[in-house]
Amino acid sequence: MTALTAAAAPAARPALHRGGLLRAVLRTHRTALFLSLSALACATAALVWLHSLGDEARAGMSACATPSTDRLPSCAAVEAITADEVYANGIAVLATALSWVMFPVAAWAGGALVGRELERGTAQLAWTQSVGPLRWLAAKLAAPAALLTAGTGALVLLNVRARGDGDPDLVGDWYNPDAFVSTGPVAVAYALAGLALGALAGLVWRRALPATGVALAASLLLHSLLERHREDLWPTVSRIAPGSIELPRSASQVTWDTPLPHGVRISHATFHPRSHFWPLQYVETGLLLAVTGTATAAAFLLLARRLP
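The rules behind these values
Residues numbered from 1 in each chain as written. Predicted model: local features only at pLDDT ≥ 70, side-chain atom pairs only at ≥ 80, totals over all residues. Heavy atoms only, no water. Core = buried A, V, L, I, M, F, W, Y, C linked by side-chain atoms within 4.5 Å. Buried < 20%, exposed > 50% of the residue type's maximum accessible area, 1.4 Å probe, protein only. Helix = DSSP H or I, 4+ residues; strand = E, 2+ residues; numbered from the N terminus. Contact = heavy atoms within 4.5 Å. Axes fitted to C-alpha atoms, helices over the stretch in contact; angles between N-to-C directions. Left-handed = near helix turned anticlockwise from the far one by under 90°. Nonpolar A, V, L, I, M, F, W, Y, C, P; charged D, E, K, R; others polar. Salt bridge = Lys/Arg side-chain N within 4 Å of Asp/Glu carboxyl O.

Caption draft 1: Structural context of the nonpolar core. Val 114, Trp 136, Leu 137, Leu 195 and Leu 203 are the most contacted members of the largest nonpolar core, which has 23 residues in total. Elements with a minimum of two residues in this core: α1 (2–28), α5 (102–120), α6 (122–127), α7 (133–162), α10 (186–205) and α12 (277–306). Considering each element in turn, this core owes the most residues, six residues, to α10. What Val 114 contacts, discounting residues up to four positions off in sequence, is Ala 109, Trp 136, Ala 199, Gly 202 and Leu 203. Counting 20 residues, the second largest nonpolar core, distinct from the first, contains Val 156, Ala 196, Leu 222 and Leu 226.

This is the structure:
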């Protein structure tokens, strides 16, 4: 009986060890976890509250008449509504926070998640306690990636719901950088890219401060490049007509030209209609996931090459 028990114990140890490794990651970074969950709770509460203000905010942007008529309220009553300004400002602040979430993630991943542990030697200590370096890195990335995907994805869904009908006078046009990122899967992809770039920077520099700076710089470069070339990620629609062209409000204008051949004014415009939102989202998300996968693979290869 004793021999059977002793033989069974080693078989059960790996499963417990894997669970213990994930718990160790969460326990080591419990401050970051607490701050992240607090920010998630605050953002969730704010978006629910903004959603409740939506109808009143739209009433503050409605048409009016002086004096009031059977169909239109008085302009004085409409101007007295202040919920529209509170609503618009709140949506704008949360959209910016969602679209820039990759920067604190990259800084934390490069500095605290990987760089600091390599600098202090705690990672090397863990590797000597039956935790292989590759499994250590996998656990370091898996737990934050799962939490970032769930948390950012939930906030994106709440943000889309809080925006209601997407009135551009209240929540901005769909192609505005912050509005675009914060209303689709690209927000999750940015967060995961920041995590992967930060982890790679931590492994390359093996010190917290330089890794933080490099991770931030790489994330800023990636964010800026995609934002600058977003309009080139999907073919535009062209419109040519004599005289002037009036594009719909929801169109994202890319180019505008008014040549005068033979004295005839012809307008040529290229733009992205509202229907291009999802193709642009999918292409940018795919590019970011490719960067994430490449950076993650590079991190594992670098760690494997440094093993004795």
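Next comes the rest of the account.
Caption draft 2: Geometry of the packing of helix α2 (residues 30–59) against helix α4 (residues 83–99). Packing of α2 against α4 brings their axes to within 9 Å, and their N-to-C directions diverge by 145°. Note that α2 runs across α4; the crossing there is left-handed. Side by side, α2 and α4 meet where Ala 43, Ala 46, Leu 47, Trp 49, Leu 50, Leu 53, Gly 54, Glu 56, Ala 57 and Arg 58 of the first sit next to Ala 83, Asp 84, Val 86, Tyr 87, Gly 90, Ile 91 and Leu 94 of the second. Here the residues of the contact of α2 with α4 sort into twelve nonpolar, two polar and three charged.

Caption draft 3: Layout of the pattern of salt bridges. The full count for this structure, using the stated rule, is six salt bridges. Note that Arg 58 is salt-bridged to Asp 165, the shortest N-O span being 3.8 Å. Of this pair, Arg 58 sits in helix α2 while Asp 165 sits in the loop between α7 and α8 (168–171); the two residues are 107 residues apart in sequence, bridging distant segments of the chain. Overall, the relative accessible area of 58% leaves Asp 165 in the exposed class. Ionic contacts of the salt-bridge type, sharing partners, join the residues Asp 55, Arg 58 and Asp 165 into one network.

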